[in-house]
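The chain contents come next:
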Amino acid sequence: MKILVIGATGLVGSAVCARLAASEHDVIHAVRPGKRPAAGSGAWVEVDMARAVAPADWLRHLEGIDAVVNCSGALQDGMGHSMTGVHARGPRALFRACQQSGVRRMVHFSAVGVDRQQPSAFSRTKLSGDMALMETDLDWVILRPAVIVGDAAFGSSALFRGLAALPFLPLMPSTGRLQVVQLQDVAETVLRLIDKTAPSKLSLEIVGPQQLEFHEIVERYRRWLGWRPAKRYLLPRPLASLLYWLGDIAGLLGWRPPVRSTAAKEIVRGAVGNPSDWTAATGILPLSLDDALARRPVSVQERWFARLYFLKPVIFVLLPLFWISTGIISLTTGFEQGVELMLAGGAGALAGPSVIAGALTDIIIGCAIAIRRTARWGLYAAVLLSLFYAAAGTAILPELWNEPLGPLTKIWPILVLHLVALAILEER
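Residues numbered from 1 in each chain as written. Predicted model: local features only at pLDDT ≥ 70, side-chain atom pairs only at ≥ 80, totals over all residues. Heavy atoms only, no water.

Details of the overall build of the protein chain
Here comes step 1: Scanning the protein chain from terminus to terminus reveals 17 helices and 11 strands.
Here comes step 2: In the protein chain, which comprises 428 residues, the proportion classed as buried is 49%.
Here comes step 3: For the protein chain, the exposed area adds up to about 20200 Å²; of that, 61% sits on carbon and sulfur atoms.
Here comes step 4: When the 42 basic and 34 acidic side-chain charges of the protein chain are each reduced to a single mean position, those positions are 3 Å apart. (Helix = DSSP H or I, 4+ residues; strand = E, 2+ residues; numbered from the N terminus. Buried < 20%, exposed > 50% of the residue type's maximum accessible area, 1.4 Å probe, protein only. Areas by Shrake-Rupley, 256 points an atom, 1.4 Å probe, with all protein chains shown as cover. Lys, Arg positive; Asp, Glu negative; His and termini not counted. Charge placed at Lys NZ, Arg CZ, Asp CG, Glu CD.)

As structure tokens, this is what we get:
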């Protein structure tokens, strides 16, 4: 079969594509503009689900397609993310285009519990997309997974690992129980239900066999990673609210932290369901978290990732603050001292403009690093500017190498930190 997979670079989409391709299906990867599937993955097309809100936007991508798998999703509105577009308007146009083009088979990803409660815009828009599909005459299947975990780490799956690395376990108040489901079981489900002879017009809850508290999941990961149990601390509500708010700010800048206000609303409900219909439709017996971890030997890469998880946001807060603050200081309290240094180096009439230019460049670099879309270029610029400062300082005032506080010597560890940031920039 020739299958169009939408959201092909996401956690679920990439696993689904790999499983379908392994079964010799012809997979077309639909990715957002600017994204690329892994090298050697096969054919791909660019389409923005949030903006493809008319059937005509989809028809050219459906030529020769036998089935469609929609794995697209957004946790919260932000820079480049519209939940209404991704969950409702875009899918509605896709479904109508499938009807017009003769594509019958549609496997659509939703979320567990959205048909029971809608505590946030995430649930409401997901349900809207589900209802639009159910109103069609397509051979549809709606998959409503709980929290998905697996070998790959993104979103909640990554958060569990990161929390497992902390010497203490901070707990958010008012968290419901979870039935985490394995990514491999989700991908296998798509493979079995994409066939034209498989049952259709089904809504299936894709959940694991264990109902666990949030801290129980983290404790299992910590034990798997080979570390002793950590003491648990329940965070006060004001502190928890602050963390969710900071997550929202990061989301507005284009980052995708799992701890945001949407998560705060959704986690109260939890993510539980009944897997019996899923098993009946596919024959899949979902793997428990305990069994899944027992089958995977832990690697040093897993421990590195877990320990780096919370260092990454610290780095990407610290570096913008560093560059922006140095620029502001150079324009205010440190301006005269900067001009004096430039005059001592022989800058003459260019001393003042040079300080101003350097300060503005620092601020621009800091802002670029803070925004996800421009972070890579900001980091490259920071590396080049650091090397320039070292070379210029050496040429103009070589005695700065002998200063007790080491203004030039400190450039090197700062430079290395930028290289570390570049190394861990990718989210998936």
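From this point, the narrative continues.
As for the pairing of strand 5 (residues 105-109)
Here comes step 1: Here strand 5 lies mainly inside the structure; 5 of its 5 residues are buried.
Here comes step 2: Along strand 5, one buried face is formed by Arg 105, Val 107 and Phe 109 and the opposite face, lined by Met 106 and His 108, is buried too.
Here comes step 3: When strand 4 (residues 67-70) meets strand 5, the two strands line up parallel, connected through 4 bridges. Directly across from Val 69, in strand 5, lies its bridge partner Val 107.
Here comes step 4: Across 5 bridges, the pairing between strand 5 and strand 6 (residues 139-145) is parallel. Note on strand 6: the bridge partner recorded for His 108 is Ile 142.
Here comes step 5: At this point the chain moves from strand 5, through helix 4 (residues 121-134), to the parallel strand 6, and the crossover so formed is right-handed. (Pairing = 2+ DSSP bridges. Right-handed = clockwise from strand over helix to strand, strands pointing away.)

What about the sheet that holds strand 1 (residues 2-6)?
Here comes step 1: Pairing is parallel across the open sheet formed by 7 strands, whose spatial order is 3-2-1-4-5-6-10. Each having just a single partner strand, strand 3 (44-46) and strand 10 (202-206) make up the two edges of the open sheet. Between one strand axis and the next, the sheet turns by 20 degrees as a mean value, whatever way the strands run.
Here comes step 2: The pairing of strand 6 with strand 10 spans 5 bridges and is classified as parallel. Each residue of the ladder has a partner; that of Leu 143, found in strand 10, is Leu 204.
Here comes step 3: Each of strand 5, strand 6 and strand 10 touches helix 4; the most contacted strand, strand 6, lies at about 160 degrees to it. (Axes fitted to C-alpha atoms, helices over the stretch in contact; angles between N-to-C directions. Contact = heavy atoms within 4.5 Å.)

Some details on the side chain of Asn 70
Here comes step 1: Summarising the element assignment, Asn 70 is placed in strand 4.
Here comes step 2: Given the relative accessible area of 0%, Asn 70 is considered buried.
Here comes step 3: Side-chain polar atoms of Asn 70 contact the side chain of His 108, separated by 3.0 Å.
Here comes step 4: Look past the residues within four positions of Asn 70 in its chain and what remains in contact with it is Ile 6, Met 49, Pro 91, Val 107, His 108 and Phe 109. (Polar contact = N/O pair within 3.5 Å; in protein donor to acceptor, adjacent residues only side chain to side chain.)

Section: the packing of aromatic side chains
Each aromatic ring pair is described using two quantities: the centre-to-centre distance and the angle formed by the ring planes.
Here comes step 1: Counted by the stated rule, this structure contains 10 aromatic pairs.
Here comes step 2: Between Phe 305 and Tyr 309, the ring centres sit 6.1 Å apart and the planes meet at 50 degrees, which makes this aromatic pair tilted. Taken together, the positions of Phe 305 and Tyr 309, both in helix 12 (residues 300-309) and 4 residues apart, correspond to about one turn of that helix.
Here comes step 3: The exposure class of Tyr 309 is buried, given its relative accessible area of 17%.
Here comes step 4: Pairing Phe 388 with Tyr 389 gives two aromatic rings, centres 6.2 Å apart and planes at 50 degrees, and the pair type is tilted.
Here comes step 5: An aromatic cluster of at least three residues, connected via ring pairs, comprises Phe 160, Phe 214, Tyr 221 and Trp 224. (Phe/Tyr/Trp six-rings, centres within 6.5 Å; stacked < 30°, edge-to-face > 60°.)

Here we look at the environment of His 25
Here comes step 1: Along the chain, the position of His 25 falls in the loop between helix 1 (11-22) and strand 2 (26-31).
Here comes step 2: Sequence separation of His 25 and Ile 148 is 123 residues, and the distance between their C-alpha atoms is 24 Å.
Here comes step 3: If we skip the residues at most four places from it in the chain, His 25 touches Met 1, Ile 3, Leu 20, Leu 191 and Ile 194.
Here comes step 4: At 3.4 Å, the side chain of His 25 and the backbone nitrogen of Met 1 are in polar contact.

Description of a positive patch on the surface
Here comes step 1: A surface patch of positive charge is lined by Arg 32, Lys 35, Arg 373 and Arg 428.
Here comes step 2: Mapped onto the fold, Arg 373 is located in the loop between helix 15 (351-370) and helix 16 (375-396).
Here comes step 3: Residue Arg 373 is classed as exposed on the basis of its relative accessible area of 60%. (Patch = residues over 30% accessible without salt bridge, like charges linked within 9 Å, V, L, I, M, F, W, Y side chains within 5 Å. Salt bridge = Lys/Arg side-chain N within 4 Å of Asp/Glu carboxyl O.)

Here's the deal with unusual backbone geometry
Here comes step 1: We note that Glu 24 has phi near 70 degrees; this positive angle belongs to a residue other than glycine.
Here comes step 2: Note on placement: Glu 24 falls in the loop between helix 1 and strand 2.
Here comes step 3: Located in the positive-phi region is Ser 174, a residue other than glycine, with phi close to 60 degrees.
Here comes step 4: Structurally, the position occupied by Ser 174 is in the loop between strand 8 (168-171) and strand 9 (181-182).

Concerning the pattern of salt bridges
Here comes step 1: Scanning all chains against the criterion turns up 17 salt bridges.
Here comes step 2: In this structure, Glu 219 and Arg 232 form a salt bridge, with 2.8 Å as the shortest nitrogen-oxygen distance. A residue pair is termed long-range when its members are at least 10 positions apart, and Glu 219 in helix 7 (residues 214-224) and Arg 232 in strand 11 (residues 231-234) qualify at 13 residues.
Here comes step 3: Relative accessible area serves as the criterion here: at 42%, Arg 232 is assigned to the partly exposed category.
Here comes step 4: A single network of salt bridges, built from pairs that share partners, joins Arg 104, Asp 137, Asp 139 and Lys 201.

Focus on the side chain of Glu 205
Here comes step 1: With respect to the secondary-structure elements, Glu 205 resides in strand 10.
Here comes step 2: Polar contacts involving the side chain of Glu 205 include one to the side chain of Arg 116, which spans 2.4 Å.
Here comes step 3: Within the structure, Glu 205 has its side chain in polar contact with the backbone nitrogen of Asn 274 (distance 2.8 Å).
Here comes step 4: Sequence-distant contacts of Glu 205, defined by excluding residues within four places in its chain, comprise Val 112, Arg 116, Arg 144, Gly 273, Asn 274, Pro 275 and Trp 278.

Details of a nonpolar patch on the surface
Here comes step 1: Among the surface-exposed residues, Leu 239, Leu 242, Leu 243, Trp 245, Leu 246, Ile 249, Leu 252 and Leu 253 lie close enough to one another that they form a single nonpolar patch of about 680 Å² accessible area.
Here comes step 2: Note that Leu 252 resides in helix 8 (residues 237-252).

Don't take any of this as a statement about function, it's just geometry.
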